[in-house]
Structure formats: structure tokens, C-alpha cells
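Here are the chains, one letter per residue:
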Amino acid sequence: MKLVLWRVLLAPLTSWRAWRIRQRSTAPLSYDAAWRRARLHRSPDEMVYRLHGHQAPTAPPTEDHDHSRHRPPGPA
């Protein structure tokens, strides 16, 4: 089952609020972002939910940023 359908079935009020946030938004806003915003507005204690797995993707490390080759001086 799709995530949107699960959210509508399990949290209909939050889903409705997300729909309203998305409709009122002047900038394009995804339903997922609107749903998280609605959820955190009513339940700020769920900040961990937002932080877990909902970060912008980062670029993979390149050779210049590979810190595994750089070891601190000292005994090996």
C-alpha cells in the first residue's frame, strides 16, 4: 500500500491539515513535506520523526573528502 494511503487511513486529521497547508502554500510544496509540517505543528515532540530519514540527500564522498586515509599521528 502506498504511504499516502496509509497516512490518510491512520491519521485522517493530519492528512486533511496537510492538504490544507499544501493548498495555501504559495511555493510548491510536496504532500510529504506538508504532512510532516502538519504533524510537527500539532505534535512538536515528534521532531525525532522528522530528523530520522527525512534529510536532504548529500553528495557521496569524493577522493578529496575521503578522511579514511588520513589518520592522526601516533602509534599504529
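Bear in mind that the values here come from a model prediction, so they are computed numbers and not experimental data. (Residues numbered from 1 in each chain as written. Predicted model: local features only at pLDDT ≥ 70, side-chain atom pairs only at ≥ 80, totals over all residues. Heavy atoms only, no water.)

Right, let's talk about the side chain of Ser 15 for a bit. One can find Ser 15 in helix H2 (residues 12-24). For Ser 15, a relative accessible area of 5% translates into the label buried. Within polar-contact distance, the side chain of Ser 15 engages the backbone nitrogen of Val 8 at 3.4 Å. Other than its neighbours up to four places away in sequence, Ser 15 contacts Arg 7, Val 8, Tyr 31 and Trp 35. (Helix = DSSP H or I, 4+ residues; strand = E, 2+ residues; numbered from the N terminus. Buried < 20%, exposed > 50% of the residue type's maximum accessible area, 1.4 Å probe, protein only. Polar contact = N/O pair within 3.5 Å; in protein donor to acceptor, adjacent residues only side chain to side chain. Contact = heavy atoms within 4.5 Å.)

Glancing now at the nonpolar core. With seven residues, the main nonpolar core is built from Ala 11, Ala 18, Leu 29, Tyr 31, Ala 34, Trp 35 and Ala 38. For this core, the element with the highest residue contribution is helix H3 (residues 31-42), accounting for four residues. Filtering out sequence-adjacent residues up to four positions away, Ala 34 remains in contact with Ala 18, Ile 21, Arg 22 and Leu 29. (Core = buried A, V, L, I, M, F, W, Y, C linked by side-chain atoms within 4.5 Å.)

Time to look at the pattern of salt bridges. Following the criterion strictly, the structure yields two salt bridges and no others. A salt bridge links Arg 7 to Asp 32; the nearest nitrogen and oxygen atoms lie 2.6 Å apart. You can see Arg 7 sitting in helix H1 (residues 3-10) and its partner Asp 32 sitting in helix H3, a full 25 residues away along the chain. Between Arg 36 and Asp 32 there is a salt bridge, and its shortest N-O distance comes to 2.5 Å. Highlighted residues: Arg 36 and Asp 32, both in helix H3, separated by four residues, approximately one helical turn. (Salt bridge = Lys/Arg side-chain N within 4 Å of Asp/Glu carboxyl O.)

Below, the discussion takes up the environment of Arg 37. Structurally, Arg 37 can be placed in helix H3. The exposure class of Arg 37 is partly exposed, given its relative accessible area of 48%. When the C-alpha positions of Arg 37 and Thr 14 are compared, they lie 9.4 Å apart, and in sequence the two are 23 residues distant.

Shape is all these values report; function is a separate question.
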